[in-house]
Amino acid sequence: MKKTFIGYLLALIPLSSYSCLQAGIGDNTPEKEYQTILMENDSLRPTQKWTFRYDDKNFPCDHGAYDGTIKGFDADGKGHFYILGGEPVRLACFIGENMEWSRDLGLSMRHCQNALFKIVNDSIYFINEVKYIYSYDKENSTYFKDEAKFISYQDEANSIFRIHKSGKGKLERFPLHIDGEYLEGKLRDNGFYVVARPDNVPDSVSLDDRSHDIGYLFTYPNKLQNKVSGGNGIAKLRLDGIPVFIDLENNPPYTGFYGKTDNFLIYGSIDYDIGSIAIIDTIRRTITKHPISGLPRLDATTGWFPGGALCSDNTTVIVNKHLYAIGYDNIKMTYTIVEYDLSPILHLAHATAQPSAFRTFLSGFKKCSQINLSSFGEKIISDSALIDGDMYARFLPPIQDDCLCEQYNVFWQKGSYMECGGFITVMLKRHCQDYKDGNSQYFIENLVTDYMLVTYSCDGEILDFKTVGHDGRAYFTRIAPKGQAPNFLVEQGSLDDCTSILRYQDLTYTVRTYEYNVSPDGKIKERTTGTAQKETIKNPENDRAPIRFDEFMSYFKKWEKPYVNDSLFIPSTQQAYLPFPECFSLIPDTLDCGCWTRDLQWTPGRYIESKERYFFFVTKGCMTPHRAPSPYADYMVLEFSKDGIFKEASNIFHATDDSDIEDLPLALTLRLKRSLDSTVIKEIYRKP
């Protein structure tokens, strides 16, 4: 079902067609193995529409409490449409917009939600589901399972029904021995499946928890072929050793399996008037995605639950390479059937193989004539410069075992490309958000960028790839062309001591030089040139003028009250910290040994002026200690002489993240009164 539970997103493959299963779909998500081609500007457009007034009492839908709800839809591809709906339920056949016949089936199906309905040869099959009925308790303003109403339809539920598609003859009922409430299901040409939740599963179990659910596989009319339990078992359901379900659970929004034609599996998603379709070519191993335009305002309502309407992917069908979708407009009171001819995009999907996909991939890169630093991408990463790692996974270098990146921490940025020697050389960046080089102990976010060089055949096959440089807080890369393109030089700098960044020191790097060239067969050659050199980059912050004592005082507010309490540590201004390293001209850098000096934040509060001294109240905070076990804050008093000479520092209170302090203001006040010398306090506040 859509809009309530995402479900297993499983699709039943016609049991007589095993080519797609043998091609490898079934145990994995196709997006990860198949090349995806996004056709954003090539919408699937309607070829014909048929409209019906559903406020017409003859139209087979619910005309009561659940106005407009239908319970099934299918088409025969020859102009006939079949709609199941109403209360009691009726089956109607239309030729175009004209009703050919209608038959009252005498069944209550208002509780059904999944629109389990299908034309199979000369018969129409539909399932009367087991669904709990919820009634509203006005007194408590809650919905509850109405056991009385639930029991009232049990004789007819949990059954599949068959009737001739002419509407004539007997309505046959075949019981389905399914335990519990139906969650998901699909009817296909050669069989059908149902996923149900057993009656003994507590209501407290989430719909997302599939560990208790059971999947049933049948052939028509009601022969059980297989029964498995749990989400993994259902996803791997097999018949004669062949998987019959495709799991697209990790590939939203293409959650609905619409059908199979030739070598194509067709998935889609329709939500209100927005739709998209995914065509999986099981031979060429491509997925072509198209938007769907011209849909009705709302997708057909097939059921209700406490709080809203439900829709089902089963109301979109494929017959003879045509897609039919039914939806409605609750303002105009109309239902509309929309037909789409899939032949053009199926033909396009046949023609759209790897070369076309590779050209689409390259279209986001700039063409260049030589390789330098800018060839690998801009410094500022725009959204348009990002590469869809899932869509273009086939064209991206794999993450190897010795790589310092992990796949889930990587994103890619477009750079440039050049054509030479019968192959294509591409420059791009691989950004790693948690680089495993041992420097994460120094940096909260150890973001490192790898400069990647990749060579491809003209059809997009990766010939070779190499990481030619790294850039980050502990690295720098310089790249310049050398001789004939695509040859170039790389100077790679690696910081000798990462703590120098955290201590406002100059940075010393070891720099090595490499020469890269590409052989006629597209292989990348690397050669070290010269010997490693040391290079020191001056910290520009150290060129700032030291802070003057009067400037330092301006960060604090004077305390005028004849007592001391925790308010002395209230920040003097919002989000104002003492400037460092400028303040090291006044404050020693040895006042903290548990945190790197750059990671400290000094928050100024108040100051007290005595006859001979100044007392500055400051909070020293460390969120990323390198020695202490957890973040901490020190409430300190800095004592200066009248001429601005630092005398001493007192740590009034040390608080950590795991400190159990019920009343911090009170604790600070008591500690202040004990810590400050009484004679000093008297001297500060004595009357003139």
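Residues numbered from 1 in each chain as written. Predicted model: local features only at pLDDT ≥ 70, side-chain atom pairs only at ≥ 80, totals over all residues. Heavy atoms only, no water.

**Here we look at the confidence of the model for the protein chain**
And then number 1: When the pLDDT values of the protein chain are averaged, the result is 82; 84% of them are 70 or greater.
And then number 2: Contacts of residues 239–244 to residues separated by more than four positions or lying in other chains number 18 contacts, the stretch itself having pLDDT below 50. (pLDDT = per-residue confidence, 0-100. Contact = heavy atoms within 4.5 Å.)

**Quick look at the pairing of strand β23 (residues 274–281)**
And then number 1: With respect to burial, β23 is a largely interior element, 7 of its 8 residues being buried.
And then number 2: Between strand β22 (residues 264–271) and β23, which pair antiparallel one after the other, the connecting turn spans 2 residues, and Y272 there sits at a positive phi close to 60°.
And then number 3: Where β23 lies against strand β24 (residues 286–292), 7 bridges are found, and the strand directions are antiparallel. Considered in β24, the bridge of D281 is made with T286. (Buried < 20%, exposed > 50% of the residue type's maximum accessible area, 1.4 Å probe, protein only. Helix = DSSP H or I, 4+ residues; strand = E, 2+ residues; numbered from the N terminus. Pairing = 2+ DSSP bridges.)

**Details of the packing of aromatic side chains**
And then number 1: For the structure shown, the criterion picks out 47 aromatic pairs.
And then number 2: Through a chain of ring-to-ring contacts, the aromatic side chains of F549, F552, F556, Y607, Y614, F616, F640 and F646 assemble into a single cluster.
And then number 3: The side chain of K642 reaches across the aromatic face of Y614, ending 4.6 Å from its centre. (Phe/Tyr/Trp six-rings, centres within 6.5 Å; stacked < 30°, edge-to-face > 60°. Lys NZ or Arg CZ within 6 Å of the ring centre and 35° of its normal.)

**Considering the state of the cysteines**
And then number 1: The full count for this structure, using the stated rule, is 1 disulfide.
And then number 2: A sulfur-sulfur separation of 2.1 Å characterises the disulfide bridge that pairs C595 with C622. Disulfide C595 to C622: torsion about the S-S bond roughly 80°, handedness right-handed. Of this pair, C595 sits in the loop between β41 (557–558) and β42 (600–609) while C622 is found in strand β43 (residues 613–622), placing the two residues 27 residues apart along the sequence.
And then number 3: Cysteine C368 shares no disulfide, and the gap to the nearest cysteine sulfur, in C420, comes to 9.3 Å. (Disulfide = S-S within 2.5 Å.)

**Brief notes about the environment of K165**
And then number 1: One can find K165 in the loop between β12 (159–164) and β13 (172–175).
And then number 2: With a relative accessible area of 27%, K165 lands in the partly exposed category.
And then number 3: Along the chain, K165 and I124 lie 41 residues apart, while their C-alpha atoms are 5.5 Å from each other.
And then number 4: Those residues in contact with K165, other than ones at most four positions away along the chain, are Y82, W101, I119, N121, D122, S123 and I124.

**Quick word on the nonpolar core**
And then number 1: Judged by nonpolar contacts, the single largest core of 36 residues is most densely connected at F361, I387, V426 and L428.
And then number 2: Of all the secondary structure elements, the ones that give two or more residues to this core are α6 (354–362), β33 (410–420), β34 (423–432), β35 (448–456), β37 (475–481), α7 (499–502) and β39 (507–518).
And then number 3: In this structure, I387 is in contact with F361, F365, Y392, L396, W412, Q413, K414 and L428, ignoring residues within four places of it in sequence.
And then number 4: Counting residues in hydrophobic clusters, the runner-up holds 23 residues, among them F549, F580, I587 and V618. (Core = buried A, V, L, I, M, F, W, Y, C linked by side-chain atoms within 4.5 Å.)

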